[in-house]
Amino acid sequence: MAKTKKDRLHRFFANLGNYLVVFLLKGISLLPFGFLYGLSDFFFLLNKYIFKYRYAVVLENLEFAFPEKSKGEIAQICDNFYHHFSDLTFEVVKLYNLSEKQLAKRISFSGLDAWERITGKHNGSIVLAYHYNNWEWNALVETRFKYPILCVYNPPRNNKPMEDFLSHSRGKWGGVVIRTGSAARKTLRYQRNKKPAALWLGADQSASASSPYWITFLNREAPFFAGPVRIAQKTNHPLFFQHIKKMGRGKYHVDYSLLIEEPAKVDEAEIVRAYVKKMEEHIKETPEYYLWSHRRWKHQRPEGIPLIK
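In this text, all values refer to a predicted model and were calculated from it rather than measured experimentally.

The secondary structure content of the protein chain amounts to ten helices and ten strands. Rg of the C-alpha trace for the protein chain: 20 Å, near the compact-globule value of 19 Å for 309 residues, within the 12% margin. Overall, the C-alpha framework of the protein chain stretches about 55 × 50 × 45 Å when taken along its three principal axes. Looking at the 309 residues of the protein chain, the share that counts as buried comes to 50%. Long-range pairs, those at least 24 residues apart, make up 80% of the contacts in the protein chain between residues at least 6 apart in sequence. If you sum the accessible surface of the protein chain, you get close to 16,000 Å²; carbon and sulfur atoms cover 55% of it. Placing the 47 positive and 29 negative side-chain charges of the protein chain at their respective mean positions leaves the two points 8 Å apart.

In structure tokens:
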């Protein structure tokens with residue numbers, strides 16, 4: 001009984017802490033950009049010299065991805081990554097209270113006409129995004145696109161206040177925010193009802209070791225989620241690739257390019273290959289903008305699962 005009481009008390013204080021953090025974030029989101037970037041610079045220095053958040057993970061990931069680079073070059077990329085990561089953190093918080101007009105001054109789009117036309121033609125589409133530059137500000141595309149956008153996300157564990165905070169930002173302009181696990185069902189429902197919609201997936205996160213899709217990604221074997229491939233082949237919805245380019249501090253350009261128009265007609269491995277090739281192309285060009293702090297390569301490929309060549 002005492003243990004149950006202790007657990008309840010722990011949960012109470014954990015929830016209270018979550019609400020207080022979100023309350024603080026909502027306050028920070030009201031601050032002007034100049035002040036936010038000042039805070040970002042300060043937190044970058046704290047992280048660089050004191051906290052060193054996941055420094056070992058970032059360094060290992062970079063060393064594997066770029067074995068041809070010197071220690072000095074790796075250190076510079078690492079430094080640039082943490083500076084961008086600090087900016088990104090405050091930009092994501094700021095999104096909660098950004099207006100459409102404010103964000104429109106900081107982000108632009110290309111490829112929308114082709115994406116919209118092909119989505120209508122095929123009764124839907126799938127966007128394969130990745131964690132590069134500021135993917136959260138891409139929410140503004142909801143105001144520029146004719147059809148509903150289904151934004152798939154993985155909710156924070158045991159943190160409803162933070163989930164609500166992020167969901168508000170991601171769907172504030174009309175996006176349909178859905179949890180992972182519901183993507184296929186929702187997409188098929190739109191397709192059956194003949195209502196074109198675009199499914200948005202940040203598909204580069206680490207899948208489980210049991211995934212059937214393993215491929216060499218940035219010089220290391222990595223599993224990829226089976227869901228995007230299977231949904232694409234079942235619906236035959238065209239696959240688009242989303243690339244975000246940083247144009248300056250707090251300024252981005254998002255481009256949508258057709259990856260595969262009829263995925264049901266190609267091999268599953270070809271979908272994974274095309275996606276990984278595009279990501280690598282851009283990451284190698286400006287590596288500091290990828291999410292290197294993510295434990296992307298934490299699994300080892302099990303025996304019996306082939307590597308996509």
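Most of strand S8 (residues 239-248) is tucked away, with seven of its ten residues classed as buried. Note: S8 against strand S9 (residues 251-260), nine bridges, orientation antiparallel. Counted as the bridge partner of Phe 240 is Leu 258 from S9. Hairpin connection from S8 to S9: two residues lie between these consecutive antiparallel strands, with Gly 250 at a positive phi of about 75°.

Our next topic: the sheet that holds strand S2 (residues 125-129). Here we have seven strands laid out as an open sheet, ordered S1-S9-S8-S2-S5-S3-S4, and mixed in their pairing. Where the open sheet ends on each side, the last strands, each with one partner, are strand S1 (107-110) and strand S4 (176-179). Adjacent strand axes in the sheet meet at a mean angle of 25°, parallel and antiparallel pairs treated alike. Where S2 and strand S5 (residues 198-202) come together, five bridges link them in parallel fashion. Bridging from a neighbouring strand, Leu 128 pairs with Leu 201 of S5. This element, helix H10 (residues 268-285), spans S2, S8 and S9 of the sheet and lies at about 155° to S9.

The next subject is empty space enclosed by the protein. Enumeration over the complete set of coordinates arrives at one cavity of 30 Å³ or more. Considering the residues around the largest cavity, the lining is formed by Leu 128, Ala 203, Phe 224, Phe 225, Pro 228, Val 229, Ile 271, Val 272 and Tyr 275. At the level of secondary structure, the elements contributing two or more residues to the lining of the largest cavity comprise helix H9 (226-235) and H10. When residues in the lining of the largest cavity are grouped by element, the largest group, three residues, is from H10. Here the lining of the largest cavity is built from residues that sort into nine nonpolar, no polar and no charged.

Let us now look at the packing of helix H8 (residues 183-192) against H9. Following both chains from N to C, one finds H8 and H9 inclined at 15°, their axes separated by 10 Å at the closest point. Taken as axis vectors, H8 and H9 run roughly parallel relative to one another. Once H8 is placed against H9, the crossing between them reads as right-handed. Residues Ala 183, Ala 184, Thr 187, Leu 188 and Gln 191 of H8 touch H9, and the partners they reach there are Ile 231, Lys 234 and Thr 235.

Attention now goes to the pairing of S1. For a regular strand, side-chain orientation follows a simple rule: the groups alternate between the two sheet faces. A one-sided burial pattern is seen for S1, the buried positions being Ile 107 and Phe 109 and the unburied ones Ser 108 and Ser 110. Across four bridges, the pairing between S1 and S9 is parallel. Bridged to Ser 110 within S9 is Asp 255.

The next thing to look at is the sheet that holds strand S7 (residues 220-224). The sheet built from three strands is open, its strands ordered S7-S6-S10 with mixed pairing. If you trace the sheet from one side to the other, it starts and ends with S7 and strand S10 (307-308), each paired once. Its contacts with the sheet place H10 against strand S6 (213-217), S7 and S10, and it is angled at close to 25° to S6.

To continue, consider the layout of surface pockets. The volume enclosed by the second largest pocket comes to roughly 250 Å³. Taken together, Ile 28, Phe 43, Phe 44, Asn 47, Phe 51, Tyr 53, Tyr 82, Phe 85, Ser 86, Thr 89 and Phe 90 make up the lining of the second largest pocket. Per-element tally for the lining of the second largest pocket: the top contributor is helix H4 (residues 71-95), with five residues. Classifying every residue of the lining of the second largest pocket by side-chain character gives eight nonpolar, three polar and no charged.

Nonpolar side chains collect at one region of the surface, where Leu 9, Phe 12, Leu 16 and Leu 20 lie side by side and expose about 400 Å² of accessible area between them. On the secondary structure map, Leu 9 appears in helix H1 (residues 2-28).

This brings us to the nonpolar core. For soluble globular proteins, the rule of thumb is that nonpolar side chains tend to be buried together. Judged by nonpolar contacts, the single largest core of 92 residues is most densely connected at Trp 115, Phe 217 and Trp 292. What Phe 217 contacts, discounting residues up to four positions off in sequence, is Ala 222, Phe 224, Val 276, Met 279, Glu 280, Ile 283, Tyr 290, Arg 296 and Trp 297.

About the criteria used
- Residues numbered from 1 in each chain as written.
- Predicted model: local features only at pLDDT ≥ 70, side-chain atom pairs only at ≥ 80, totals over all residues.
- Heavy atoms only, no water.
- Helix = DSSP H or I, 4+ residues; strand = E, 2+ residues; numbered from the N terminus.
- Rg over C-alpha atoms; globule rule 2.2 N^0.38 Å.
- Buried < 20%, exposed > 50% of the residue type's maximum accessible area, 1.4 Å probe, protein only.
- Contact = heavy atoms within 4.5 Å.
- Areas by Shrake-Rupley, 256 points an atom, 1.4 Å probe, with all protein chains shown as cover.
- Lys, Arg positive; Asp, Glu negative; His and termini not counted.
- Charge placed at Lys NZ, Arg CZ, Asp CG, Glu CD.
- Pairing = 2+ DSSP bridges.
- Axes fitted to C-alpha atoms, helices over the stretch in contact; angles between N-to-C directions.
- 1 Å grid on protein atoms, 1.4 Å probe; cavity = no way out; pocket = protein on both sides within 12 Å on 5 of 7 lines; lining within 4 Å.
- Points joined across faces, edges and corners; volume = space filled by probe spheres on them.
- Nonpolar A, V, L, I, M, F, W, Y, C, P; charged D, E, K, R; others polar.
- Parallel < 35°, antiparallel > 145°, perpendicular 65-115°, else oblique.
- Left-handed = near helix turned anticlockwise from the far one by under 90°.
- Patch = residues over 30% accessible without salt bridge, like charges linked within 9 Å, V, L, I, M, F, W, Y side chains within 5 Å.
- Salt bridge = Lys/Arg side-chain N within 4 Å of Asp/Glu carboxyl O.
- Core = buried A, V, L, I, M, F, W, Y, C linked by side-chain atoms within 4.5 Å.

These figures come from the coordinates and say nothing about function on their own.
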